[in-house]
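# Observations on chain architecture
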Amino acid sequence: MSSTTVSLPSAERAAELRESLKEVRARVSAAQAQSPTHERVAPAATLVAVSKLKPAADILACYEDGQRDFGENYVQELEEKAAQLPLPDIRWHFIGTFQSNKAKTLAAIPNLYAVQTVTSEKGAAGLNKYIAADRPPLNVLLQVNTSGEAAKSGLPPLDAARDAAGAELTQLARFVVEQCPRLRLQGLMTIGALEASLAAAAARPNADFERLVATRDLLQAALAAAFPGEARWGVEGRLVLSMGMSSDFEAALVAGSDIVRVGTGIFGSRPKKGEAAPAS
Ligand SMILES: *Cc1c(COP(=O)(O)O)cnc(C)c1O
């Protein structure tokens, strides 16, 4: 715990965070148990606590409760928090819109574990260039726009009826495996439509999550054909899926998600961007 410059929040706030973490963890385990046919890559799904616009003190309280994976959306905020919380085994996930001109800054952040929002060769090449040689390869996930909404970033999903091998997503995946030795293609990430989230809350199948599962299966097949016997992508030949947020993470887990990203459900509602004091 040594050199953190951050103090814990009030005892009341720390207790509140412990309580919500406990509840979310229990809901994650229960939802996982409802997905008996899915062979998840890891035995347990990863819960990423999305701490954007929340103070570093909140992160420290969650860390003390055993939480290790944290998600941040803004490069500068992540940079500041990582400097304030130099914890040896914390794992930072960048989940915000990723622009290639931020690759150098991101790549220098200690304990950056994954960038979940890669959508271009330029972005991947930038991260690959700047990740220091003495660090383990950086995990990257490619963001897929499963809902097709113009406001969401991400590449189009794969469709069995079209040419998966020639699709932009497959080309980017191959680029990462072939041209980016400092990166590890870990899997795919999506947000999905709010309508789908509402449907999920009503326990109906979520079409966007199903689309990401189908896309993953097609992409895995394409990669296995392109790189036979290579262990340079995924985890044991599988690509992991990052899908599910506070309002729909249970449906995502039932659909086969490996990584859920929960913010509000742990930290409570967020201030609007610009009104927060994340550095405190
Ligand atoms: C903010 C954010 C989350 C967390 O959202 P909540 O609804 O607060 O759980 C998850 N994923 C991404 C990409 C986000 O931007």
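Residues numbered from 1 in each chain as written. Predicted model: local features only at pLDDT ≥ 70, side-chain atom pairs only at ≥ 80, totals over all residues. Heavy atoms only, no water.

Going by this rule: UniProt positions are given in the numbering used here, feature names are shortened, and annotations may be inferred rather than shown by experiment.
The name given to the protein chain in an unreviewed UniProt entry is Pyridoxal phosphate homeostasis protein, and the organism recorded there is Phanerochaete sordida. Per UniProt, the protein chain carries the Function (unreviewed entry) text "Pyridoxal 5'-phosphate (PLP)-binding protein, which may be involved in intracellular homeostatic regulation of pyridoxal 5'-phosphate (PLP), the active form of vitamin B6." The protein chain has a UniProt comment under Cofactor (unreviewed entry) that states "pyridoxal 5'-phosphate".

## Considerations on unusual backbone geometry
Our working definition: Only DSSP runs of H or I reaching four residues or more are called helices, and only runs of E reaching two or more are called strands; each is numbered from the N terminus. Summary of the burial criterion: residues with accessible area below 20% of their type's maximum are buried, those above 50% are exposed, and those between are partly exposed, where the area comes from a 1.4 Å probe applied to protein chains only.
The residue L53 is not glycine, and still its phi comes out positive at about 65°. With respect to the secondary-structure elements, L53 resides in the loop between β1 (46–50) and α2 (56–64). We classify L53 as buried; its relative accessible area is 9%. In this model, N111 sits at a positive phi of 65°, which is unusual for a non-glycine residue. For N111, the position within the fold is in the loop between α4 (103–107) and β4 (112–118). For N111, a relative accessible area of 26% puts it in the partly exposed group.

## Let's talk about the environment of L218
Selection rule: By the convention used here, residues are in contact when the closest approach between their heavy atoms is within 4.5 Å.
Looking at the element boundaries, L218 is found in helix α8 (residues 207–226). Since its relative accessible area comes to 24%, L218 is described here as partly exposed. Taking the C-alpha atoms as reference points, L218 and T170, 48 residues apart in sequence, are found 9.1 Å from one another. Residue contacts for L218: discarding those within four places in its chain leaves L158, D159 and A160.

## Looking at the nonpolar core
Here is the rule we go by: Grouping buried Ala, Val, Leu, Ile, Met, Phe, Trp, Tyr and Cys residues that are joined through side-chain atoms within 4.5 Å yields what is termed a nonpolar core.
Counting residues in hydrophobic clusters, the biggest one holds 74 residues, and the most contacted among them are W92, L106, L112, V115, L127, L185 and I266. Examining the composition of this core, we find that seven residues originate from one element, α2, more than from any other. Those residues within four positions of L106 in sequence are excluded, and the remaining contacts are V75, L78, F94, F98, L112, V115 and L127. In terms of nonpolar packing, the next biggest core, distinct from the first, is built from six residues, V48, A114, L141 and M189 among them.

## Overview of the UniProt feature "modified residue: N6-(pyridoxal phosphate)lysine" (unreviewed entry) in the protein chain
The positions that UniProt labels "modified residue: N6-(pyridoxal phosphate)lysine" (unreviewed entry) are, in the present scheme, K52. With respect to the secondary-structure elements, K52 resides in the loop between β1 and α2. According to the relative accessible area criterion, K52 is buried, its value standing at 16%. Once you skip the residues sitting within four places of it in the chain, K52 turns out to touch G71, E72, N73, Y74, E77, K81 and R270.

## Thoughts on the packing of helix α1 (residues 11–33) against α2
To keep it simple, the criterion reads: A fitted line through C-alpha atoms serves as each axis, taken over the contacting stretch for helices, and the angle formed by two N-to-C directions is quoted from 0 to 180°. Oblique is the label for every angle not falling under 35 degrees (roughly parallel), over 145 degrees (roughly antiparallel), or within 65 to 115 degrees (roughly perpendicular). Crossings are sorted by hand: turned counterclockwise from the far helix by less than a right angle, the near helix makes the crossing left-handed, and turned clockwise it makes it right-handed. Under this grouping Gly is polar, as are all residues other than the nonpolar Ala, Val, Leu, Ile, Met, Phe, Trp, Tyr, Cys and Pro and the charged Asp, Glu, Lys and Arg.
Taken N-terminus to C-terminus, the directions of α1 and α2 make an angle of 55°; their axes are 9 Å apart at the nearest point. Classed by the angle they form, the pair α1 and α2 counts as oblique. When you trace α1 past α2, the crossing you get is right-handed. Contacts between α1 and α2 involve R13, A14, L17 and L21 from the first element and D58, A61 and C62 from the second. Residue composition of the contact of α1 with α2, by class: five nonpolar, no polar and two charged.

## Points about the site of the ligand
Going by this rule: The cutoff for a nearby residue is simple: one of its non-hydrogen atoms must lie within 4 Å of the molecule or strand. In protein, a polar contact requires one atom able to donate a hydrogen and another able to accept it; more generally it is a pair of N or O atoms within 3.5 Å, and residues adjacent in sequence count only if both atoms are side-chain atoms. All accessible areas in this document rest on Shrake-Rupley with a 1.4 Å probe, and a residue is counted as covered only by the protein chains that are shown.
Near the ligand you find 13 residues, and of these K52, N73, S246, T264 and R270 are the closest. Measuring from an oxygen atom of the ligand, one finds a side-chain N or O atom of N73 at 2.7 Å. Here S246 contributes a side-chain N or O atom positioned 2.5 Å from an oxygen atom of the ligand. Computed on the free molecule, the ligand has an accessible area of 390 Å², of which 89% lies beneath the protein chains in the complex. In the shell around the ligand, the residues fall into six nonpolar, four polar and three charged.

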